[in-house]
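Structure at a glance
Given next are the chains, with one letter for each unit.
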Amino acid sequence: MFKKIPMIILASALAGVAVAAEEFSQLDSDQNGAISKSEATALPDLYNNWDLTDANADGLVDQAEFSKFEAMPAEPQESDESEESIE
């Protein structure tokens, strides 16, 4: 039974990679192997973190850069409601 656990973990990891590759392919609308900043508008988190994601500052996000972006922890969303002060 314990031999199955690493296989399950590996299968889960590969499934995650497949999902990321599919998302990359969908964002790369011209299928040139990279996501441009205009293509990134389809994924607001990517667009909003463009300078951080485009590590080599070539104006494109390649598969490796996108994989690192996907692995980044999501930042907590700030509430639009202002907090009321308690006096």
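This text follows the structure it describes.
Nothing here was measured: the structure is a model prediction, and the numbers come from that model. (Residues numbered from 1 in each chain as written. Predicted model: local features only at pLDDT ≥ 70, side-chain atom pairs only at ≥ 80, totals over all residues. Heavy atoms only, no water.)

1. What to know about the nonpolar core
The following threshold applies: Throughout this description, the term nonpolar core refers to a set of buried Ala, Val, Leu, Ile, Met, Phe, Trp, Tyr and Cys residues connected via side-chain atoms within 4.5 Å. Throughout this description, buried means an accessible area under 20% of the type-specific maximum (1.4 Å probe, protein chains only), exposed means over 50%, and partly exposed covers the range between. We count a stretch as a helix when DSSP gives it H or I for four or more residues in a row; a strand needs E for two or more, and each element gets its number in order from the N terminus. We call two residues in contact when some of their heavy atoms are within 4.5 Å.
By size, the foremost hydrophobic cluster in this structure holds ten residues: Phe24, Leu27, Ile35, Ala40, Leu43, Leu46, Trp50, Val61, Phe66 and Phe69. Broken down by secondary-structure element, the contributors of at least two residues to this core are helix H1 (4–27) and helix H5 (63–71). In this view, Phe69 contacts Leu43, Asp45, Leu46, Asn49 and Thr53; residues no more than four positions away in its chain are not counted.

2. A word on H5
Heads up, the condition is: Of all possible arcs, the one meant is that of the directions from the helix axis to the C-beta atoms. Definition of a polar contact: a pair of N or O atoms within 3.5 Å, with one able to donate and the other able to accept a hydrogen when the atoms are protein atoms, and with sequence-neighbouring residues admitted only if both atoms are side-chain atoms.
Along H5, the residues that are buried comprise Glu65, Phe66 and Phe69. For H5, the angular spread of the buried residues around the axis is 100°, confining them to a single face. Residues of H5 that are exposed and point more than 90 degrees away from the buried face comprise Lys68 and Ala71. With a side-chain oxygen positioned 3.1 Å from the backbone nitrogen of Ala64, the residue opening H5 is Asp62.

Worth remembering: the numbers are spatial, not functional.
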